[in-house]
Amino acid sequence: QVQLVESGGDLVQPGGSLRLSCAASGSIFSIYAMGWYRQAPGKQRELVAAITRGGRTNYADSVKGRFTISRDNGKNTVYLQMNSLKPEDTAVYYCNADLRTAATTARNDYWGQGTQVTVSS
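Residues numbered from 1 in each chain as written. Predicted model: local features only at pLDDT ≥ 70, side-chain atom pairs only at ≥ 80, totals over all residues. Heavy atoms only, no water.

Our next topic: the overall build of the protein. A count of helical and extended segments in the protein gives zero helices and eleven strands. For the protein, the α and β elements follow one another from N to C terminus as β-β-β-β-β-β-β-β-β-β-β. The C-alpha atoms of the protein give a radius of gyration of 14 Å, which matches the 14 Å a tight globule of 121 residues would have. Taking the principal axes of the C-alpha coordinates as reference, the protein spans close to 45 × 25 × 25 Å. Burial analysis of the protein (121 residues in total) assigns 40% to the buried set. Mean positive and mean negative side-chain charge positions of the protein (13 and 9 charges, respectively) differ by 6 Å. (Helix = DSSP H or I, 4+ residues; strand = E, 2+ residues; numbered from the N terminus. Rg over C-alpha atoms; globule rule 2.2 N^0.38 Å. Buried < 20%, exposed > 50% of the residue type's maximum accessible area, 1.4 Å probe, protein only. Lys, Arg positive; Asp, Glu negative; His and termini not counted. Charge placed at Lys NZ, Arg CZ, Asp CG, Glu CD.)

Ranked by size, the top nonpolar core spans 30 residues in total, and within it W36, V48, F67, V78, L80, M82 and Y93 carry the most contacts. Every element with two or more residues in this core is listed here: β1 (2-7), β3 (18-26), β4 (28-39), β5 (46-51), β7 (67-72), β8 (77-82), β9 (91-101) and β11 (115-119). Counting residues per element, this core draws most heavily on β9, at five residues. Sequence-distant contacts of Y93, defined by excluding residues within four places in its chain, comprise E6, L20, W36, Y37, R38, V48, F67, L80, M82, G114, T115 and V117. (Core = buried A, V, L, I, M, F, W, Y, C linked by side-chain atoms within 4.5 Å. Contact = heavy atoms within 4.5 Å.)

This part is about the side chain of D89. Here D89 is to be found in the loop between β8 and β9. When its relative accessible area of 1% is taken as the criterion, D89 is described as buried. Side chain to side chain, D89 and R66 meet in a polar contact 2.8 Å long. Non-local contacts of D89, meaning those with residues more than four positions away in its chain, are made with R38, R66, F67, S84, V117 and V119. (Polar contact = N/O pair within 3.5 Å; in protein donor to acceptor, adjacent residues only side chain to side chain.)

Bringing the pairing of β8 into the picture now. Of all the six residues making up β8, five are buried; the element is thus mostly covered by neighbouring parts of the structure. As paired strands, β3 and β8 are joined by six bridges and run antiparallel to one another. What sits directly across from A23, in β8, is T77. The loop that links β7 with its antiparallel partner β8 comprises four residues; one of these, N76, has a positive phi angle of about 50 degrees. (Pairing = 2+ DSSP bridges.)

What follows deals with the packing of aromatic side chains. Summed over the entire model, instances satisfying the criterion amount to one aromatic pair. Ring geometry for Y37 versus W111: centroids 5.0 Å apart, planes at 65 degrees, classification edge-to-face. On the criterion of sequence distance, the pair formed by Y37 in strand β4 and W111 in strand β10 (residues 107-111) is long-range, its members being 74 residues apart. The exposure class of Y37 is partly exposed, given its relative accessible area of 23%. (Phe/Tyr/Trp six-rings, centres within 6.5 Å; stacked < 30°, edge-to-face > 60°.)

Read these as geometric descriptors, not functional statements.
Spelled out as structure tokens, the structure:
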């Protein structure tokens, strides 16, 4: 079994910063891409940022220049550094991992339980 556990969500004032972490654990053979998605009330889940195993990144236009995604392959962990936060960044942030478990040759998507980020004065 595989678990993705996020942490770091909080209430922060506009212009502030937060760092989200997501650690994958369990019978993992290899993790390919990892990413962060978010879902605001009444809206669809959207990609925020993603990173390949080799470190290639892509970002939503709305967060470019403010958010930075990184990962530690040795720890099976992905991070999201969020700076210059805006009220419109308020959402539940979900971690995603495209990985292969030790028990199968198939790759599947796994999701964390989500962590709340609220940007408000």
